[in-house]
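Each chain is listed here by its residues.
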Amino acid sequence: MSKPPFRQRGSNAAPRQPNPQRQYHSQRRPPAQPSSEKLHKMLAAAGLGSRRDMEMLIATGRVSVNGQPVQVGDRVTPNDVVRVDGKVVRLPWEAANQPRILIYHKPEGEIVSRDDPQGRASVFDQLPKLKGERWIAVGRLDYNTEGLLIFTTNGELANRFMHPRFDVEREYAVRVLGDELTPDQIQALKTGVQLEDGEARVESITASGGEGANKWYNLVIKEGRNREVRRLFEALDLTVSRLIRVRFGPINLPPRLKRGQRLELTPDEVAKVLRWNGKPNGALITAKGRTEPPSRHKAKPQPKVEEEAGSKSVHPYRRRLAARGNKPQT
């Protein structure tokens with residue numbers, strides 16, 4: 001007689017049934033699927049342009065994922081390889097996923113363009129290099145205008161600053177050559193002045209001092225048309241001898257940021273800008289990050305300390321004294 005397959009506890013004991021609550025011990029959980037995002041959204045977050053621009057880029061067949069053509073609305077994961085015009089683009093999948101924001105005090109004599117047939121100095125020459133991203137200029141300043149210029153790696157945020165429908169304020173300090181503005185001229189600027197490309201006006205204007213023939217005014221506009229402030233004053237037969245942008249949206253130009261210097265916002269300051277997004281009346285932000293001097297400034301070389309003859313190493317105490325030009329006491 002063959003032995004039973006298992007030992008029974010009693011003659012009336014029923015066969016043991018598997019416990020459904022213990023099935024997970026023998027069954028592996030499926031691996032977690034990586035999160036996915038809309039392709040055009042991630043391309044915009046990478047600083048290649050606005051979301052609408054990225055949709056057009058995809059529609060024209062210039063974007064591929066894992067070597068395959070894509071369509072508008074397709075999604076991507078961190079495991080996918082995205083190429084634009086055949087070049088790999090690194091998408092910002094980091095946990096923080098914060099764009100970088102940099103402010104630059106533009107001096108006169110620089111253009112806001114990457115290419116110039118005349119070979120003039122460009123503001124982009126002063127920016128730190130990026131890998132897999134690019135700096136997007138938030139608006140422009142003409143060749144003879146100085147002041148606050150904002151750069152970001154996020155195309156959507158740049159569009160939020162620049163698009164006319166958001167009515168983002170730009171504040172300028174204007175030096176006018178000649179006598180003070182008359183009440184009629186100030187009222188005309190507030191009411192509206194007819195220019196070649198349509199009527200333009202200032203939201204507010206206040207006198208801010210000046211001596212002799214140079215009078216300073218602070219004014220606010222909500223448009224970014226080419227040379228708009230200068231053309232407004234020219235329409236009233238007034239000459240602008242100096243023009244400085246001191247604020248753009250929620251970001252002020254820090255007084256300590258000299259011409260030609262740049263400063264990158266800290267993560268906390270970037271978070272404030274992102275919270276301002278969609279809230280034009282949010283609090284103003286004066287950047288307090290680390291100011292980076294122009295590239296011509298170099299760190300001082302450290303003094304070289306020679307090792308004592310016949311020894312394999314020099315005690316740190318002797319190195320410090322040698323660096324100061326002192327000799328250890330014997």
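Because the structure is a prediction, the values reported are computed rather than measured.

(A) The arrangement of the pattern of salt bridges in detail. Applying the stated criterion across every chain, the model contains 15 salt bridges. For Glu-264, the salt bridge goes to Arg-100, with nearest N and O atoms at 2.8 Å. A residue pair is termed long-range when its members are at least 10 positions apart, and Glu-264 in strand 17 (residues 262–264) and Arg-100 in the loop between strand 6 (87–88) and strand 7 (101–106) qualify at 164 residues. Of the charged contacts, one joins Glu-146 and Arg-242 as a salt bridge, the two residues approaching to 3.1 Å between their closest N and O atoms. Residue Glu-146 is located in strand 9 (residues 146–152), and its partner Arg-242 is located in strand 15 (residues 239–248); the two are separated by 96 residues in the primary sequence. What makes Glu-146 buried here is its relative accessible area of 1%. Assessed through its relative accessible area of 22%, Arg-242 is described here as partly exposed. Look at the salt bridges and you will find they share partners, linking Asp-197, Glu-223, Arg-225 and Arg-231 into a network.

(B) View of the sheet that holds strand 2 (residues 63–65). One open sheet holds the 4 strands; their spatial order is 3-2-5-6, and the pairing between them is antiparallel. In this open sheet, the two edge strands, each paired with only one partner strand, are strand 3 (68–69) and strand 6.

(C) Molecular detail of the side chain of His-40. Mapped onto the elements of the fold, His-40 is located in helix 1 (residues 39–45). Judged by relative accessible area, His-40 falls into the buried class, the value being 9%. Once you skip the residues sitting within four places of it in the chain, His-40 turns out to touch Arg-51, Met-54, Glu-55 and Ile-58.

(D) View of the pairing of strand 9. Here strand 9 lies mainly inside the structure; 7 of its 7 residues are buried. Examined bridge by bridge, strand 8 (residues 136–138) and strand 9 share 3 bridges and lie antiparallel to one another. Note on strand 9: the bridge partner recorded for Ile-136 is Thr-152. In terms of strand pairing, strand 9 meets strand 15 through 2 bridges, oriented parallel. Bridge pairing links Gly-147 to Arg-245 in strand 15.

(E) Structural view of the pairing of strand 13 (residues 204–207). Sheet topology places strand 13 next to strand 14 (residues 214–221); 4 bridges connect them, and they run antiparallel. Counterpart to Ala-207 in the pairing with strand 14 is Tyr-217. Two successive antiparallel strands, strand 13 and strand 14, enclose a turn made up of 6 residues, where Gly-209 displays a positive phi of approximately 100°.

(F) Structural detail: helix 3 (residues 155–162). Turning to helix 3, its buried residues are Gly-155, Leu-157, Ala-158, Arg-160 and Phe-161. For helix 3, the N-terminal capping position is held by Asn-154, with its side-chain oxygen 3.0 Å away from the main-chain nitrogen of Glu-156.

Rules used throughout
- Residues numbered from 1 in each chain as written.
- Predicted model: local features only at pLDDT ≥ 70, side-chain atom pairs only at ≥ 80, totals over all residues.
- Heavy atoms only, no water.
- Salt bridge = Lys/Arg side-chain N within 4 Å of Asp/Glu carboxyl O.
- Helix = DSSP H or I, 4+ residues; strand = E, 2+ residues; numbered from the N terminus.
- Buried < 20%, exposed > 50% of the residue type's maximum accessible area, 1.4 Å probe, protein only.
- Pairing = 2+ DSSP bridges.
- Contact = heavy atoms within 4.5 Å.
- Polar contact = N/O pair within 3.5 Å; in protein donor to acceptor, adjacent residues only side chain to side chain.

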